[in-house]
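Each chain is listed here by its residues.
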Amino acid sequence: METKNIMIVGVGGQGTLLTSRILGGLAIHAGYDVKLSEVHGMAQRGGSVVTFVRYGETVAEPIIEAGQVDVLIAFERLEALRYLHFLKKDGVIIVNDQRIDPITVVTGAASYPENIIDTLKAAHTTYSIDAMTEAKKLGNSKVFNIIVLGMAAQHMNFSKEDWIEVIKKTVPPKTVEINLRAFETGWSN
């Protein structure tokens, strides 16, 4: 199997690291060599957070170069645009259609780009979901990242049952049920 490169991007506090650990755990569960790289940035202050997950028969290093990502999972639409150059020509973007203004926009030093989802769709195969609204319907806004992951899971070669098994092992025990409902919501979109 050719090495698969997944990039997960978001803003501090969105569950980017948990999501990468679920995906890494799934690849290990499937018997692949896995390398994870977490770039925290300013996670505590709402800054950009990036993780790379690479899996395959043998993976030499955790870092993914520009133009090599198979699936870009973005928890915020500006983050998807910011890291678009990492995606392969035939790569897929899964994006949470949510706006979180970076400090440069908040202070007036920059403006938030318009029509980001349309820009992404013009460049690559893009699937978007308003995962925050869906998570609130489930009664817990914190599980929006698992909704996005459920949508992204359809673009990776693992069974739904394997995803469920690894989510059960990875999330805190008291949150298993809500996380499984969130995954199902994303999977069925």
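Refer to the preceding data block for the structure.
For clarity, every value in this text was computed on a predicted model and none was experimentally measured. (Residues numbered from 1 in each chain as written. Predicted model: local features only at pLDDT ≥ 70, side-chain atom pairs only at ≥ 80, totals over all residues. Heavy atoms only, no water.)

**Topic: the nonpolar core**
The condition is simple: Put simply, buried Ala, Val, Leu, Ile, Met, Phe, Trp, Tyr and Cys residues joined by side-chain atoms within 4.5 Å make one nonpolar core. Any residue under 20% of the maximum accessible area for its type is buried, any over 50% is exposed, and the rest in between are partly exposed; the area is computed with a 1.4 Å probe on protein chains only. Secondary structure elements are defined from DSSP: runs of H or I of at least 4 residues count as helices, runs of E of at least 2 residues count as strands, and each element is numbered from the N terminus. Any two residues having at least one pair of non-hydrogen atoms within 4.5 Å are treated as being in contact.
Formed by 38 residues in total, the largest nonpolar core has its most connected members in Ile-6, Ile-22, Ile-73, Met-156, Phe-158 and Trp-163. The leading source of residues in this core is helix α6 (residues 144–153), at eight residues. Every residue in contact with Phe-158, bar those within four places of it in the chain, is listed here: Leu-23, Leu-26, Ala-27, Ala-30, Tyr-32, Tyr-55 and Trp-163. Counting 21 residues, the second largest nonpolar core, distinct from the first, contains Ala-74, Tyr-83, Leu-84 and Val-95.

**A few points about α6**
Within α6, ten of the ten residues are buried, leaving the element largely enclosed by the surrounding structure. Within the span of α6, buried status applies to Phe-144, Asn-145, Ile-146, Ile-147, Val-148, Leu-149, Gly-150, Met-151, Ala-152 and Ala-153.

**Some points on the sheet that holds strand β2 (residues 33–39)**
Within a sheet, each strand pairs with its neighbour through backbone hydrogen bonds, oriented either parallel or antiparallel. Our working definition: Two strands form a pair only when DSSP identifies at least two bridges running between them. Only C-alpha atoms enter the line fits that serve as axes; for helices the fit covers just the stretch in contact. Angles between N-to-C directions range over 0 to 180 degrees.
In spatial order, the strands read β2-β3-β1-β4-β5-β6; together these six strands make up an open sheet with mixed pairing. Of all the strands in the sheet, the pair left with one neighbour each is β2 and β6 (125–129). Between one strand axis and the next, the sheet turns through 15° on average, direction left out of account. Looking at chain direction, strand β5 (residues 87–96) and β6 are connected through five bridges and run parallel. The residue of β6 that forms the bridge with Asn-96 is Ile-129. In the packing of helix α1 (residues 16–29) onto the sheet, the strands contacted are β1 (4–11), β2 and β3 (48–56), and the crossing angle to β3 comes to about 5°.

**A closer look at the side chain of Asn-5**
In plain terms, the rule: We define a polar contact as two N or O atoms separated by no more than 3.5 Å, with the added condition that, inside protein, one atom must be a possible hydrogen donor and the other a possible acceptor, whereas residues neighbouring each other in sequence contribute only through side-chain atom pairs.
Structurally, the position occupied by Asn-5 is in strand β1. Using a relative accessible area of 5% as the deciding quantity, one classes Asn-5 as buried. Within polar-contact distance, the side chain of Asn-5 engages the side chain of Arg-54 at 2.6 Å. Side-chain polar atoms of Asn-5 contact the backbone oxygen of Gln-68, separated by 3.0 Å. Those residues in contact with Asn-5, other than ones at most four positions away along the chain, are Val-53, Arg-54, Ile-64, Gln-68, Val-69, Asp-70 and Val-71.

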